[in-house]
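Given next are the chains, with one letter for each unit.
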Amino acid sequence: VFCPLRAAAGTRAASPRGHPRARRAAAAMGSACAGGAARAGELELRHSGGSGMSSNLSSPQFSDIDLVVAVTQRSVNATMLQYLHEIGQTAPEVIRCYVFESFGSSTILEIDHQTLVKNAHGSDPFNVKDGANQKDPDVMNLGNALFVGAFKAKGGLPKVPPSELPTIVALSLHSDSPVTFTLTSSEFQVVGLQYVGFGGAVATNRSQPEGPGAKPWYFQFDVDMAQVATNPGADVPPAVRRRIDDLVASVGPGAFGVQRLLLELETALLTATPVIPGISDKDKLKPLWQTMSTVFTGAYFDELKRQGNPVFNYTFTTTAPPSRSTLALRAIQHSTSPYWAGGQPTASSSSCLAYLCTTQSQPPNIVPFPWNWVSAEDTSQVAGVVSVRRSDFADWLEQEMSSASAGLCYDTSVRLTHHGENYHIHWGVTSAKNPEWFKVVEPPAAASGGGLVTLKMAFAHQASDSSSDSLSSSSIYMDFNTYVDGRITFQSTKIILWVRVQVEMGFHHHESFAHYNDLPIKSYYNKAHTVTYDLAVSQQGELKLSMTSNIDNDSCDWDFHAKGLFGLAGIENELQNGMYHFQARLNTTLDGMFTHYTTRLTSILNGYGQWVFPGADSFVMHNVGFSDTCDLVTQVTYADPGMKASLGIRGGDAGALDALRAAQTQEAPAASYDFRTSAELMTNFVQSDILQPQKAFEALQTDE
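A brief report on the enclosed structure follows. In every chain, residue numbers begin from 1 and rise along the written sequence. Where local features are concerned, this predicted model is filtered to residues with pLDDT of at least 70; where side-chain atom pairs are given and counted, the filter is 80 or more; whole-chain, interface and lining totals use all residues. Each side-chain value is worked out from all heavy atoms of the structure, with water and hydrogens disregarded.

Only DSSP runs of H or I covering at least 4 residues are called helices, and only runs of E covering at least 2 are called strands; the numbering of each starts at the N terminus. The helix and strand inventory of the protein stands at 11 helices and 24 strands. We call two residues in contact whenever any of their non-hydrogen atoms come within 4.5 Å of each other. Restricting to contacts in the protein with at least 6 residues of sequence separation, those with at least 24 account for 74%. Carbon and sulfur atoms make up 51% of the accessible area of the protein, which amounts to about 30900 Å² in all. Areas reported as accessible are Shrake-Rupley estimates using a 1.4 Å probe. Residue values count occlusion only from the protein chains shown.

Shown next as structure tokens:
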């Protein structure tokens, strides 16, 4: 009897990375990570203990949404105020002057400021006295130059105390309703002539009020970016449509930043009709409103519509590197997600502007979210959340783990032959020809310890053979089987990988009309490996995994006992020793294989295969985990939209950046804290705001 090993255990299987990754439609969604039963397509308001934890993008009505970025009205306005304050220091002055085409014509043309002054014999419209009539030489000169009106303005914030600043972006109660955008300026002067009677004219020359209690000029627009971007029949000039399509429905660097949002609003507002509170509704200011509507929201806006340019020439550039986001997002839709209180949507600083993102070319449909993205008690600490659809993250995990998981699978072989009265026994293991790997299951199943079992793996290979001697007086039988079963559970801030590997062997023989079970078929290798990955996220949106593991050994003791005449004659001794030593070597190989597997898997998930959230150029990310239905969620705060050191706050300004942030909304309730253990925490670590440096920084140390 001889027992050659056909192949050494541990050879790796070919990679199955090319397998299809079709999107899996949820048949019944809503299983809670706390272990609740599945609830298909639930629409009722869902409550949870933390921001983002109610996310349920796996519900069928959100099937075209892969990822949502939801930021609160409070955070948008606070960050927008900071950005507007900064650009107000350096914004260029915009000057536009307009004249009639000819005497008796109503056609208005733009004219260069210096050319107008020259045509008016040195009379500058911005120096004319408010209320002056045709008796004033400047009014007469401007009238002869066919002057209509002019304005000069700078973007930014008006010079009033921070507590008196307006809400820049006000979200509505309905997901598909326009948002109210308030356009502000740091300086604004408007001049015009109202022609009355024969040869008469009255000048209007007003500047935006400044100081405490002042009523600056705010231009309010109901902006429907989503409708303009997706409705081909909307009455929108081609240049504006192209600009909106480029800004709103595309994905690129800075897609979720306030700079980009300001440009989107500034461009999309050209499709709306502005209102100037305190001016357009006051009869006594009718001349001012007429001048405004003629030169600013009239002639100037007509020019912007033709060119598709934003108001006040706002623009920004980004030097951010190309996004490393794992999801290749291709289109974005905007919607409003109101804050739910008492079962009703309410207007609140906790309401969210939601970016609905997809990997498809067509922007997603707008569907109301029946949950709060950010809890009210978190609004002073959290700007918003990024939520990834469970199946998208699970698909990614399946792809990244496929090659390594396939390496757990082995084919066994047994071949029993005889030559005369001699038996020849061959057995061995090779890498599986048709391996399995962890695959997404839909719908997921509730795990016994909480969470959702989202991926499963099952592999089995059985081999057996028998042989009889030439006289048919005896026969031998052998079984050699391998099994791999595994599951991956998403639970709170953990990914739990459980894999059981079993190797069964059995040998029995027949002699002299008797049957002997020499090696009962049992799992002589039966170990369950549990690997727990604690989740953390870097400021740049990189998912970090910290691994712990343990092994449950349920292997049976070796139980070979030679029996019958074969046993008494010692015929099976060599077979017994060979099988014993083979099983021992196989056990060692399988232990090393799994150690290699976990090391390789951790290296992939923390290295070149690492998951990266989008938006790292706009946000600082923290507190990652799974929602109740196991969408992958990370909380975010806005990164500084500009360099604080370059703001140059002047002594006469009303307050600093902290005041700007605090003044936007009413005071938020005191924050509640949910302490979690993760790889981000260090000894004596205290959670605080993290400010991302915008340029290189230096650390100085004295000689002492």
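The α-helix advances 3.6 residues per turn, and as a result positions three or four apart in sequence lie on the same side. Here helix 3 (residues 137-144) has its buried residues at Val139, Asn141, Leu142 and Gly143. Looking at the buried residues of helix 3, the elements they touch are strand 4 (147-155), strand 7 (185-196) and strand 8 (200-207). Under this definition, polar contacts are N or O atom pairs within 3.5 Å; protein pairs additionally need one hydrogen-donor-capable and one acceptor-capable atom, and for neighbouring residues in sequence, both atoms have to be side-chain atoms. Where helix 3 starts, the residue carrying a side-chain oxygen 2.8 Å from the main-chain nitrogen of aspartate 138 turns out to be aspartate 136. Just beyond helix 3, the residue with positive phi is leucine 146, at close to 65°. Think of it in three bands: residues with accessible area under 20% of the maximum for their type are buried, residues over 50% are exposed, and the middle band is partly exposed, with areas taken using a 1.4 Å probe on protein chains only.

Turning our eyes to something else, we now look at the packing of aromatic side chains. Geometry of aromatic contacts follows a simple scheme: Phe, Tyr and Trp rings, the Trp one being its six-membered ring, pair when their centres are within 6.5 Å, and the pair is stacked under 30 degrees between planes, edge-to-face over 60, tilted otherwise. Overall, the coordinates contain 23 aromatic pairs when judged by the stated rule. An angle of 70° between the planes, with centres 5.5 Å apart, marks the rings of phenylalanine 62 and tryptophan 371 as edge-to-face. Of this pair, phenylalanine 62 sits in the segment before strand 1 (67-72) while tryptophan 371 is found in the loop between strand 13 (352-358) and strand 14 (384-388), placing the two residues 309 residues apart along the sequence. The pair formed by phenylalanine 62 and tryptophan 371 is uniform in burial state, with each residue classed as buried.

Okay, the nonpolar core next. Membership of the largest hydrophobic core comes to 116 residues, with the highest contact counts inside it found for Phe151, Phe393, Trp427 and Phe490. In terms of residue count, helix 10 (residues 573-606) provides more of this core than any other element does, 11 residues in total. The residues contacting phenylalanine 393, other than those within four sequence positions of it, are Val388, Phe490, Ile495, Leu543, Trp611, Phe626 and Leu632. To form a nonpolar core, buried Ala, Val, Leu, Ile, Met, Phe, Trp, Tyr and Cys residues must be joined to one another through side-chain atoms within 4.5 Å. Counting residues in each nonpolar core, the second largest holds 18 residues, with Phe126, Val139, Ala150 and Val191 among its members.

Turning our eyes to something else, we now look at the pattern of salt bridges. Definition used for salt bridges: Asp or Glu carboxyl oxygen within 4 Å of a side-chain nitrogen of Lys or Arg. Inspection of the entire model under this criterion finds 10 salt bridges. Across the salt bridge formed by glutamate 187 and lysine 159, the nearest N and O atoms sit 3.9 Å from each other. Here the residue glutamate 187 occupies a position in strand 7, and lysine 159 occupies one in the loop between strand 4 and strand 5 (169-170), the gap between them amounting to 28 residues. Its relative accessible area of 31% is what places glutamate 187 among the partly exposed residues. In this structure, aspartate 559 engages lysine 522 in a salt bridge whose closest nitrogen and oxygen atoms are separated by 3.2 Å. Here aspartate 559 is found in the loop between strand 22 (543-553) and helix 9 (564-568), whereas its partner lysine 522 is found in strand 21 (residues 514-537), with 37 residues between them in sequence.

Let us look at the sheet that holds strand 6 (residues 179-183). Strand order in the open sheet made by the three strands is 5-6-9, with antiparallel pairing throughout. Lying at the two open borders of the sheet, with one neighbouring strand each, are strand 5 and strand 9 (219-223). Paired strands are those between which DSSP finds at least two bridges.

Another aspect to go through is the pairing of strand 19 (residues 474-491). On any regular strand, side chains alternate: one points to one face of the sheet, the next to the other face. With 14 of its 18 residues buried, strand 19 lies for the most part within the structure. In this structure, the hairpin formed by strand 18 (residues 452-468) and strand 19 is closed by a connection of five residues, where serine 472 is found at a positive phi of approximately 60°. Of the pairings in the sheet, the one linking strand 19 to strand 20 (residues 494-511) comprises 18 bridges and is antiparallel in character. Each bridged residue has a counterpart across the sheet, and for glutamine 491 the counterpart in strand 20 is lysine 494.

Summarising burial for strand 13: seven of the seven residues are buried, a large majority. Neither face of strand 13 is exposed, since Cys352, Ala354, Leu356 and Thr358 on one face and Leu353, Tyr355 and Cys357 on the opposite face are all buried. Here strand 1 runs beside strand 13; their pairing, made up of six bridges, is antiparallel. The residue of strand 13 that forms the bridge with valine 69 is tyrosine 355.

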